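Structural features, examined
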Amino acid sequence: MTRIKKSWLTPFSESMLLSLLVGSLRVFVLVIILAHSVNGFSSGSSLYSQQETRKCTVRHTQSHLTNSAWNPLDPLLRGKQEQVSSVTRQLPLLWSQVSEADSNKKNIFTHDDLVWKIRPDEHDAKNRFERALVKVAANLIRFDCLMKRQNPPEILCPKGGRARLEAHLKSSRVGFFKKRQIARFGITTARGPPTPDIDETVREIYQVDANGARCGAVIYMFVEPEYRSQNVGELALEVISAIHSYQGCDFTILVADDNGSGKLVQWYEDHGFVEAPRLQKMMGSPDGQYGKAMMTPAAVSSDFFDRCKLKWW
């Protein structure tokens, strides 16, 4: 009578081995994709491993106003907290005031009507394969957070230092199976290098002893014609300011080109921006031929992520 040899792998050990192989493969793929798709988890992206709740996001924004070595507001914070509050923390209040003023108008959008999406810049994801790779990376990050029982980061910017911010109508306004992109905005997502012109501008405008201020920039803003004058631009400025603040930027800068009419410049001034003549050359408009350089402190309100639905990648 022949004796049948039993396999040394029991059903339990076979399942364990399969789980280990799948887990190893998942980690390997995650590392490879992240190496090509994520901006090194630098600046605000590094919060992926540190922040587990939404409160940490607000805590980070407040901490880089008080504890960061590169923040130009540090000397003033130690002795003149009230002045710092008037300069850097008035922006969230301004957003709420604008929202309340616009809420009485007709056809005015709020964050409840929109979904904001951070996409890779067109120059960084040129074809469908690269865009698909970025989406896979984003889903792997979310899945990894789920496996670790952690909340995913509120904001995670793709590599390249630039991104495209898109405004989409929620399905409740256009139908469940329809998608409608109504605006797009080009922004930088990396902290720009400090320059003497920026430091001197901060001193002149905000009366703050700046030392190594970092800025994020708005490259372009476009809203579909049928959705203009409906508060989309105002909401976009709030989202951009939150992204820049999350990424560790002190200020948001841009060039406002209105062909000399002054209307666009006034619109930005109504939303917290001020003219910055010293930055004209740095922003590529030395004689104002392409518009006026403007800047505003980057800030995020404590309830921003509760009011705003922001998706990345």
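Conventions and cut-offs
- Residues numbered from 1 in each chain as written.
- Predicted model: local features only at pLDDT ≥ 70, side-chain atom pairs only at ≥ 80, totals over all residues.
- Heavy atoms only, no water.
- Helix = DSSP H or I, 4+ residues; strand = E, 2+ residues; numbered from the N terminus.
- Buried < 20%, exposed > 50% of the residue type's maximum accessible area, 1.4 Å probe, protein only.
- Contact = heavy atoms within 4.5 Å.
- Pairing = 2+ DSSP bridges.
- Phe/Tyr/Trp six-rings, centres within 6.5 Å; stacked < 30°, edge-to-face > 60°.
- Salt bridge = Lys/Arg side-chain N within 4 Å of Asp/Glu carboxyl O.
- Polar contact = N/O pair within 3.5 Å; in protein donor to acceptor, adjacent residues only side chain to side chain.

**Digging into the overall build of the protein chain**
Assigned secondary structure in the protein chain consists of eleven helices and eight strands. Counting only residues that meet the buried cut, the protein chain has 45% of its 313 residues in that class. Of all intrachain contacts in the protein chain linking residues separated by at least 6 positions in sequence, the fraction that spans at least 24 positions is 77%.

**Thoughts on the sheet that holds strand E1 (residues 114-120)**
One open sheet holds the eight strands; their spatial order is E6-E7-E5-E4-E3-E2-E1-E8, and the pairing between them is mixed. A strand with exactly one partner marks an edge of an open sheet, and here the two such strands are strand E6 (274-275) and strand E8 (310-312). Of the pairings in the sheet, the one linking E1 to strand E2 (residues 162-169) comprises seven bridges and is antiparallel in character. Each residue of the ladder has a partner; that of Trp 116, found in E2, is Ala 167.

**As for the packing of aromatic side chains**
Scanning the entire structure with this criterion turns up seven aromatic pairs. Measuring from ring centre to ring centre gives 6.3 Å for Tyr 246 and Phe 305, while their planes differ by 75 degrees; the resulting arrangement is edge-to-face. Of this pair, Tyr 246 sits in helix H9 (residues 232-246) while Phe 305 sits in helix H11 (residues 304-307); the two residues are 59 residues apart in sequence, bridging distant segments of the chain. A single burial state applies to Tyr 246 and to Phe 305, both of which are buried. For the ring pair Tyr 268 and Phe 273, a centre distance of 5.3 Å and an interplane angle of 70 degrees mean the geometry is edge-to-face.

**Here we look at the pattern of salt bridges**
With the rule as written, the count across this model stands at eleven salt bridges. In this structure, the salt-bridge partner of Arg 162 is Asp 121, at a minimum N-O distance of 3.4 Å. One end of the pair, Arg 162, is in strand E2; the other, Asp 121, is in the loop between E1 and helix H6 (128-147), with 41 residues separating them in the sequence. Judged by relative accessible area, Arg 162 falls into the partly exposed class, the value being 30%. Exposure remark for Asp 121: the relative accessible area of 5% places this residue in the buried category. Each of Arg 119, Arg 164 and Glu 166 takes part in one network of salt bridges that share partners.

**Things to note about the pairing of strand E3 (residues 180-188)**
Across a regular strand the side chains alternate sides, sitting on one face of the sheet and then on the other. When E2 meets E3, the two strands line up antiparallel, connected through eight bridges. Looking at E3, one finds that Arg 164 is bridged to Gly 186. Relative to strand E4 (residues 215-223), E3 is paired through five bridges, and the arrangement is antiparallel. When the sheet's bridge partners are listed, Phe 185 is paired in E4 with Met 221.

**Quick notes on the side chain of Glu 166**
You can see Glu 166 is positioned in strand E2. Within the structure, the side chain of Glu 166 is placed 2.6 Å from the side chain of Arg 164, a separation counted as a polar contact.

This is a description of form; function is not addressed.
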